[in-house]
Amino acid sequence: MKTRLLLGLAVAVAAVIYLIASSLFVVREGEQALVVRLGAPIGVLIEPGLKVKAPFIDSVYVYDTRLQLLEPPPEQMILGDQKRLEVQPYTRFRIVDPLRFYQALRTFDQARAQLSQLVSSSVRRNLGQAPLLTLLTQQRGDIVDVIKNEVEAKAAALGVEIDEVRFH
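Just so you know, these numbers come straight off a predicted model, no measurement behind them.

## What about the overall build of the protein chain?
Turning to step 1, where the next piece is worked out: When helices and strands are counted, the protein chain shows 5 helices and 10 strands.
Turning to step 2, where the next piece is worked out: Split into buried and exposed, the 168 residues of the protein chain put 33% on the buried side.
Turning to step 3, where the next piece is worked out: In the protein chain, the proportion of contacts linking residues at least 24 apart, taken out of those at least 6 apart, comes to 64%.
Turning to step 4, where the next piece is worked out: Roughly 10300 Å² of accessible area belongs to the protein chain as shown, and the carbon and sulfur atoms make up 58% of that amount.
Turning to step 5, where the next piece is worked out: If the 20 positive side-chain charges of the protein chain are averaged to one point and the 18 negative ones to another, these points end up 8 Å apart.

Quick look at the structure:
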């Protein structure tokens, strides 16, 4: 009888510990957390620290707010004067709106794929109109600014802020 009581007590204590552990999570410095209850977003947590969620019905998606580097593989592009050039674009970005990011992309891998496509199409479009000599002068900065502004405008709808777009 005593063994059964101790076993029952041990199971109850284990269940309580599991319940408490599944209702706590940590938001670290440089992170934002989006809390989703049964598929519907209910809040964004920005402040670091120990947080509480409803166990089993809440999901927490934690996103890094630091600058991320996106460096897709080099691509061959045809310039405005029909010359071929191998271009290696790179982009620095950060997630600024976790709710929009979750609704549009959900995962960091999906964000990388979508942003790679945005950057590639903008670089192709703008370099396809520029002759090679333009890229070797001060006008290169103007072209880079146009590319950055295009990518920035499209990325804002994804909850992403573009810090820099460059190519070499």
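From this point, things continue past the structure.
## Structural notes on the packing of aromatic side chains
Turning to step 1, where the next piece is worked out: According to the stated counting rule, one finds 4 aromatic pairs in the structure shown.
Turning to step 2, where the next piece is worked out: Look at Tyr61 and Tyr102: their rings are 4.9 Å apart centre to centre, the planes differ by 40°, and that puts the pair in the tilted class. Here Tyr102 lies in helix α2 (residues 98-104) and Tyr61 lies in strand β5 (residues 58-64), a separation of 41 residues in the sequence.
Turning to step 3, where the next piece is worked out: Residue classification places Tyr102 among the buried residues on the basis of a relative accessible area of 5%.
Turning to step 4, where the next piece is worked out: On the numbers, 4.9 Å between centres and 70° between planes, the contact of Tyr63 with Phe101 is edge-to-face. Of this pair, Tyr63 sits in strand β5 while Phe101 sits in helix α2, placing them 38 residues apart in sequence. With respect to burial, Tyr63 and Phe101 carry one shared label: buried.
Turning to step 5, where the next piece is worked out: Its end group placed over the ring of Tyr102, Arg106 keeps NZ or CZ at 4.2 Å from the ring centre.

## Observations regarding the sheet that holds strand β10 (residues 160-167)
Turning to step 1, where the next piece is worked out: Taken together, 3 strands build an open sheet; the order of strands is β6-β9-β10 and the sheet is antiparallel. Each end of this open sheet is capped by a strand with a single partner; those strands are β6 (68-70) and β10. On average, each strand axis in the sheet is inclined to that of its neighbour by 25°, with strand direction left out of account.
Turning to step 2, where the next piece is worked out: Pairing geometry for strand β9 (residues 89-95) and β10, over 7 bridges, is antiparallel. Its bridge partner lying in β10, Arg94 is registered against Glu161.
Turning to step 3, where the next piece is worked out: Across the sheet, helix α3 (residues 108-127) lies against β6, β9 and β10, angled at about 135° from β9, the strand it touches most.

## Some points on helix α1 (residues 2-22)
Turning to step 1, where the next piece is worked out: Between the first and last C-alpha of α1 there are 30 Å, a value that for 21 residues agrees with the 30 Å anticipated at 1.5 Å per step.
Turning to step 2, where the next piece is worked out: Of all 21 residues in α1, 1 are buried, a share of ten percent or less.

Conventions used here
Residues numbered from 1 in each chain as written. Predicted model: local features only at pLDDT ≥ 70, side-chain atom pairs only at ≥ 80, totals over all residues. Heavy atoms only, no water. Helix = DSSP H or I, 4+ residues; strand = E, 2+ residues; numbered from the N terminus. Buried < 20%, exposed > 50% of the residue type's maximum accessible area, 1.4 Å probe, protein only. Contact = heavy atoms within 4.5 Å. Areas by Shrake-Rupley, 256 points an atom, 1.4 Å probe, with all protein chains shown as cover. Lys, Arg positive; Asp, Glu negative; His and termini not counted. Charge placed at Lys NZ, Arg CZ, Asp CG, Glu CD. Phe/Tyr/Trp six-rings, centres within 6.5 Å; stacked < 30°, edge-to-face > 60°. Lys NZ or Arg CZ within 6 Å of the ring centre and 35° of its normal. Pairing = 2+ DSSP bridges. Axes fitted to C-alpha atoms, helices over the stretch in contact; angles between N-to-C directions. Expected span 1.5 Å × (residues − 1).

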